[in-house]
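Listed here are the chains, written in short residue letters.
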Amino acid sequence: MSTMVNFPKYSHCTLLFVQQADKLLLGMKKRGFGVNLWNGFGGKVDLNETVRQAAIRETQEECGITPIDPKFLGLLKFNMNLDQKTIIVHVFKSTEYTGNITESEEMLPKWFDIDKINYDVMWPDDRIWYPDMLKTNVFFFGEYDFQEHSVITSSNHKIVKEEELLALQKQLSKIPLD
Ligand SMILES: Nc1nc2c([nH]c(=O)n2[C@H]2C[C@H](O)[C@@H](COP(=O)(O)OP(=O)(O)OP(=O)(O)O)O2)c(=O)[nH]1
């Protein structure tokens, strides 16, 4: 039985990664939630857009590129005790993009060697699910209880089938994927 604490208020976010061979494009968040942490590109889904549209838009806004054919590969559910809300994050990955990588007001983008990713300067859950996110054709679901923004009190990460992920997406989010 799950011991996770679910809060009534949900917010729906995206996170998009660009991975090419042994490199991953990340951005250092320059302001707001998760400031100074390296992360994929993303943010809140706006009214009247699909989750995938939000993932593309946020990436364009934050680092100037348009990701091609982003694949939906994971869902993260964060129960934030401090803010008394649950954040649902839809995770995507692209291998191709158009445009030039540029710094924005929100993010400083940089390519990392995958084997040199420094999880000490990232959200604490990232070290749990990145290894699966970095694989090909692996789909995952994770649920995390946060005490403060840097402290996880319980976690549950699992690999799922793509159909299960799509069913979970429908269950957890009223916003359509496409
Ligand atoms: N890697 C990782 N990303 C997380 C975690 N928690 C969390 O919200 N995120 C991501 C999801 C979103 O991409 C981002 C938060 O979105 P945001 O607050 O920057 O949203 P936004 O760009 O719409 O911001 P704003 O315009 O309202 O300032 O952080 C986490 O634990 N790990």
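What counts as what
Residues numbered from 1 in each chain as written. Predicted model: local features only at pLDDT ≥ 70, side-chain atom pairs only at ≥ 80, totals over all residues. Heavy atoms only, no water. Buried < 20%, exposed > 50% of the residue type's maximum accessible area, 1.4 Å probe, protein only. Helix = DSSP H or I, 4+ residues; strand = E, 2+ residues; numbered from the N terminus. Pairing = 2+ DSSP bridges. Contact = heavy atoms within 4.5 Å. Salt bridge = Lys/Arg side-chain N within 4 Å of Asp/Glu carboxyl O. UniProt positions renumbered as here; feature names shortened; annotations may be inferred. Lys, Arg positive; Asp, Glu negative; His and termini not counted. Near = heavy atom within 4 Å. Polar contact = N/O pair within 3.5 Å; in protein donor to acceptor, adjacent residues only side chain to side chain. Areas by Shrake-Rupley, 256 points an atom, 1.4 Å probe, with all protein chains shown as cover. 1 Å grid on protein atoms, 1.4 Å probe; cavity = no way out; pocket = protein on both sides within 12 Å on 5 of 7 lines; lining within 4 Å. Sits in = over half its atoms within 2 Å of the grid points. Nonpolar A, V, L, I, M, F, W, Y, C, P; charged D, E, K, R; others polar.

Visitor: Please give an account of the pairing of strand E9 (residues 139-146) that cites residues and values.
Guide: Burial runs high along E9: eight of the eight residues are buried. Across the two faces of E9 the burial is the same, with Phe 139, Phe 141, Glu 143 and Asp 145 and Phe 140, Gly 142, Tyr 144 and Phe 146 all buried. For strand E5 (residues 71-80) and E9, the ladder comprises seven bridges, and the chain directions are parallel. Within E9, the position partnered with Leu 76 by the bridge is Gly 142. As judged from the eight bridges shared by E9 and strand E10 (residues 152-160), these two strands associate in the antiparallel manner. Across the sheet, Phe 139 pairs through a bridge with Val 160, a residue of E10.

Visitor: Please set out the environment of Val 151 residue by residue, giving values where relevant.
Guide: Take Val 151: it is sitting in the loop between E9 and E10. Judged by its relative accessible area of 33%, Val 151 is partly exposed. When the C-alpha atoms of Val 151 and Val 51 are compared, they prove to be 28 Å apart, with 100 residues separating the residues in sequence. Aside from chain neighbours lying at most four places away, what touches Val 151 is Asp 145 and Phe 146.

Visitor: Break down the pattern of salt bridges for me, citing the residues and quoting the values.
Guide: Overall, the coordinates contain 15 salt bridges when judged by the stated rule. When the shortest N-O distance is used, the salt bridge between Lys 30 and Glu 103 registers 2.7 Å. With Lys 30 in the loop between strand E2 (23-29) and strand E3 (38-39) and Glu 103 in the loop between strand E7 (96-98) and strand E8 (107-113), this pair connects stretches of sequence that are 73 residues apart. By relative accessible area, Lys 30 is classed as partly exposed at 35%. Taking the shortest distance from any N to any O, the salt bridge between Lys 71 and Glu 162 comes out at 3.7 Å. Pair noted here: Lys 71 is in strand E5 and Glu 162 is in helix H3 (residues 162-172), with a separation of 91 residues, a long-range link. Since its relative accessible area comes to 32%, Glu 162 is described here as partly exposed.

Visitor: Please set out the UniProt feature "domain: Nudix hydrolase" (unreviewed entry) in the chain residue by residue, giving values where relevant.
Guide: In the UniProt entry, the feature "domain: Nudix hydrolase" (unreviewed entry) is given for residues 8-135. This span, residues 8-135, is 16% helix and 41% strand, and a straight line between its end C-alpha atoms measures 33 Å.

Visitor: Just give me the short version of the side chain of Lys 85, but keep the residues and values in it.
Guide: By secondary structure assignment, the location of Lys 85 is in strand E6 (residues 85-94). Although buried, Lys 85 forms no salt bridge, and the nearest oppositely charged side chain, Asp 83, lies 5.6 Å from it.

Visitor: I'd like a rundown of the site of the ligand, residues and numbers included.
Guide: Neighbouring the ligand are 20 residues; Thr 14, Lys 29, Asn 39, Lys 44 and Asp 125 lie closest to it. A distance of 3.4 Å separates an oxygen atom of the ligand from a polar backbone atom of Gly 43. In the environment of the ligand, a nitrogen atom lies 3.0 Å from a nitrogen or oxygen atom belonging to the side chain of Asp 126. If the ligand stood free it would expose 660 Å²; the protein chains cover 82% of that surface. Structurally, the ligand is housed in the largest pocket. The leading source of residues in the shell around the ligand is strand E1 (residues 10-20), at three residues. Residues that form the shell around the ligand fall into these classes: nine nonpolar, four polar and seven charged.

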